Amino acid sequence: MANFEAYQEYQRIEDFEEDSPPGEEDLLVHVPEGLKDSWHHIKNLDNFFTRIYHFHQKNGFACMMLTEFFELVQFLFVVTFTTFLFNCVEYDVLFANKAVNHTTHNLGPLDRSKVTLPDAILPSQQCTKRIQENGWIIFLLIMAAIFWIYRLIKVFCNLLSYWEIRQFYIKALKITMDELCNYSWQEVQDRLISLQREQQMCIHKKELTELDIYHRILRFKNYMVAMVNKSLLPVNLHVPLLGDVVFLTQGLKYNFELIFFWGPGSLFQNKWNLHPKYKRAGNRLELAQQLSHIILLTGLANLLLCPFILVWQVLYAFFSYTEIIKREPGSLGARRWSLYGRLYLRHFNELDHELHSRLGRGYKPVSKYMNSFTSPLLAVIAKNVAFFSGSVLAVLITLTVYDEDVLTVQHILTAITILGVVITISRSFIPDEHMVWCPEQLLQYVLAHIHYMPDHWKGNANKSETRDEMAQLFQYKAVFILEELLSPIITPFILIFFLRRKSLEIIDFFRNFTVEVVGVGDICSFAQMDIRKHGNPQWLSEGQTEASVYQQAENGKTELSLMHFTIKNPHWQPPQESSFFISHLKEKVQQDAAGAPPAQHILSDTPLCTSLLSNESGTAPENLLASVLAHPVLTASGLPGRDRRFVPPSTTASAAASVLASLCTSHLPSRTRSHTLLPSTYPESPMYRSERTIIDESMSASDSRIRSANHSALQSEFASAEMSLHAIYMHEVHQQSSQPQRISGLWQAPVPMRDLSNMPGSQTQYSQPGSLSGRSPVRLGEWTEEEEEEINHEAPPQHDTEIRS
């Protein structure tokens, strides 16, 4: 254990009271008689706003209740059907290992030899007797019944709860259930903020802000994102023979939340307040021991329940995926964003639908990048395996077409199924003969959507190490299923042997990174997106932040989260420090755009850029991103077409700055443009506008709801494209400010992402004046927190593309 003196610099951040006027916490609010309703002075606003959000995202009361009803039926079906298969089926008869005595005399001699399904099903009395004689089955059925009754009670409570939300939408927000799907969340949120002025849902503040609502819905998720960002959760494991792996499953994530937030003995005394004892540093060692004891008990409980959870996981996976695997064997080779990837890539204050939409846009680019890595040796083997398997399968199919009695031959269907699976798997290793090999550009296009990328990936996109690290964020579906099946076995050991070691670090994290906001409660301080307290000098916040290396968010998450929230919520008025950062970024964009090619030259290459990089959607936002990313390569490659003799050379940062700056000049209130850049249908840019105004079209809800929904969807698309440009620009500027220095004529080697946590302290030089140097790891209560070294190996741009066949 480290001494307490080591923590004197690392103290708890003071509470935030600037979100509301001084003394407002003691304000008595007068509510007019006509406005008094059940929605005045709501005690648990966290739960209330969360239900409002889920009600909107799950498409209303009918869809939600029908979903929960079928979940009950599904659980009942799995338990009943599994019990029936184990106790009421005579498999010797079904597999024709035992003769059946047919007593029906009107059957022909051939029909008497056939086995039917009723022949293999035991009578109800015999089936019931088997179940009663098996004590293990009875115990499992009792446990399943208790869980089902618990779920039934929960569904009934949800029925009452969401009926109240339905009434709230209709009466308070004036949104009918028929029109709910036509409203975006931003529109619902605006009505919530307006309603606060009429009915004081929160009595501690006169007005709610967008950030207040996000804080209440994402209170615990922001803590999880911060803990992953600071490498606090034990999800990176070293496994013999496998090396370093990332393991985070639904079960493990559930246990983390149970221990930290809402379980018995958790750190929060209610849904919105951290227990006062965790805010004091004097008894941190005692609290760490208590937390270690709670983690141990939770791990032992998981170990005790492991057989039951494992049986349920296997049965659920069997009933869920067997038919899909039989119909589409290649589905196991598809990829999905891992749970770790969703936390690693998530911004602070990013709602679920915003995250899913952003990662959904990045799905095709990252799939294209991952599929561009092929092994020539595996490709040769796969082609021959597919040939031999296909030849045998073709013969079997031909025989069955000629005479269907071939299907009655033992294991013939099994052979056909297995051969089909082998062919599908083999073809997944055969590269597309039309594939274009341009990993650097593809990885840049991926970055435009996911917004986060380790520094050492830059210039190393063609390395297998980079692909392996990307695979931790974007895993195979088969790997996801395997991890979920192994989760009941592995989770107890992670809790007992890994999480317990971090008890003191967890206590210090919640004490030092928890702030109390008036009208909101205790939140993670990172969620405030305060550049002054959590900014990183290497991410355009130099001179604006007072944060030490311990208080800085890693990978520029504070800066990128602030930009994302500002763009997604254009009405939000950021605090003074955040406004300074946004103004500073805008000025730097204008400066870089001054020496960059005009935006019309960049966008003129749209067709060619789209063919190289885009996901073939052909939408304007995708074409815009493709133009920005490919323009530096095209101008330097000497490709025929446009006369580029008078076009100045550009980088990706300057190209992004040029387009971002043009959005400012092309969306002034007067609508005067120096040149035709974008179509007139482009919505106004949230970040670059005069006095942060937004075009509010006064349209009747009854006559133009569909047009308004289409306008909101288009505006959301271009807001996402604008954030993508900011992510590209900020990463490029960050890379330029942290270029590695040459040592004896050689570049410093990049540090893999998985090795950052074990990297010893070293002196690191930065090219940018005033940047931090000589950073070394400092122990935070047995949590060795190290500042990520800004080391990057930048390879010269490769202008030639290689077509792999």
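Everything quoted here is computed from the prediction, not taken from an experiment.

Draft legend 1. Structural detail: unusual backbone geometry. Here the phi dihedral of Asn59 falls at roughly 70 degrees; this positive angle occurs in a residue that is not glycine. You can see Asn59 is positioned in the loop between helix H1 (45-57) and helix H2 (61-87). Even without being a glycine, Asn555 presents a positive backbone phi close to 60 degrees. Along the chain, Asn555 turns up in the loop between helix H22 (537-541) and helix H23 (557-568). By relative accessible area, which is 14% here, Asn555 ends up buried.

Draft legend 2. Broad picture of the nonpolar core. Ranked by internal contacts, the top residues of the largest apolar core, which has 135 residues, are Trp185 and Phe510. Those residues in contact with Phe510, other than ones at most four positions away along the chain, are Tyr223, Met227, Phe260, Phe261, Leu267, Phe268 and Leu274. Residues Val406, Ile416, Leu419 and Ile423 belong to the second largest nonpolar core, which totals 7 residues.

Draft legend 3. Inspection of the pairing of strand E6 (residues 514-517) at higher detail. Relative to strand E7 (residues 521-524), E6 runs antiparallel, the two sharing 4 bridges. Its bridge partner being in E7, Thr514 is matched across the sheet by Cys524. Taking the residues that link successive antiparallel strands as the turn, the E6-E7 hairpin has 3 residues, and the phi of Gly519 there is positive, at about 85 degrees.

Draft legend 4. Summary view of the packing of H2 against helix H6 (residues 135-172). Closest axis-to-axis distance for the H2/H6 pair is 9 Å, and the angle between their directions is 170 degrees. Classed by the angle they form, the pair H2 and H6 counts as roughly antiparallel.

Draft legend 5. Inspection of the state of the cysteines at higher detail. Summed over the entire model, instances satisfying the criterion amount to 1 disulfide. In this model Cys88 forms its disulfide with Cys127; the gap between the sulfur atoms is 1.6 Å. Note that Cys88 is positioned in the loop between H2 and helix H3 (91-94) and Cys127 in helix H5 (residues 124-133), a separation of 39 residues in sequence. The buried category is assigned to Cys88, whose relative accessible area is 6%.

Draft legend 6. Region of interest: the side chain of Gln475. Note on placement: Gln475 falls in strand E5 (residues 474-476). Separated by 3.4 Å, the side chains of Gln475 and Glu483 make a polar contact. Filtering out sequence-adjacent residues up to four positions away, Gln475 remains in contact with Ala334, Arg335, Arg336, Ser338, Phe480 and Glu483.

Draft legend 7. Highlighting the environment of Ala448. Structurally, Ala448 can be placed in helix H17 (residues 439-450). Once the C-alpha coordinates of Ala448 and Leu629 are considered, the two residues, 181 residues apart in sequence, prove to be 9.1 Å apart. In this structure Ala448 touches Leu625, Ser724 and Ile728, once residues within four positions along its chain are discounted.

Draft legend 8. Quick peek at the packing of aromatic side chains. Throughout the structure, instances matching the rule amount to 40 aromatic pairs. Aromatic pair Phe75 and Trp312: ring centres 5.0 Å apart, planes at 45 degrees, arrangement tilted. Of this pair, Phe75 sits in helix H2 while Trp312 sits in helix H11 (residues 284-327), and the two are 237 residues apart along the sequence. Trp312 gets classed as partly exposed once you look at its relative accessible area, which sits at 28%. With a centroid separation of 5.3 Å and 15 degrees between ring planes, the pair formed by Phe77 and Phe81 is classed as stacked. With Phe77 and Phe81 both in helix H2, this residue pair falls 4 residues apart, about one helical turn. Phe81 sits in the partly exposed class, given a relative accessible area of 31%. One aromatic cluster is present, formed by Phe220, Tyr223, Phe256, Phe260, Phe261, Phe268, Phe348, Phe509, Phe510, Phe513 and Phe526 through successive ring pairs.

Procedures and definitions
- Residues numbered from 1 in each chain as written.
- Predicted model: local features only at pLDDT ≥ 70, side-chain atom pairs only at ≥ 80, totals over all residues.
- Heavy atoms only, no water.
- Helix = DSSP H or I, 4+ residues; strand = E, 2+ residues; numbered from the N terminus.
- Buried < 20%, exposed > 50% of the residue type's maximum accessible area, 1.4 Å probe, protein only.
- Core = buried A, V, L, I, M, F, W, Y, C linked by side-chain atoms within 4.5 Å.
- Contact = heavy atoms within 4.5 Å.
- Pairing = 2+ DSSP bridges.
- Axes fitted to C-alpha atoms, helices over the stretch in contact; angles between N-to-C directions.
- Parallel < 35°, antiparallel > 145°, perpendicular 65-115°, else oblique.
- Disulfide = S-S within 2.5 Å.
- Polar contact = N/O pair within 3.5 Å; in protein donor to acceptor, adjacent residues only side chain to side chain.
- Phe/Tyr/Trp six-rings, centres within 6.5 Å; stacked < 30°, edge-to-face > 60°.

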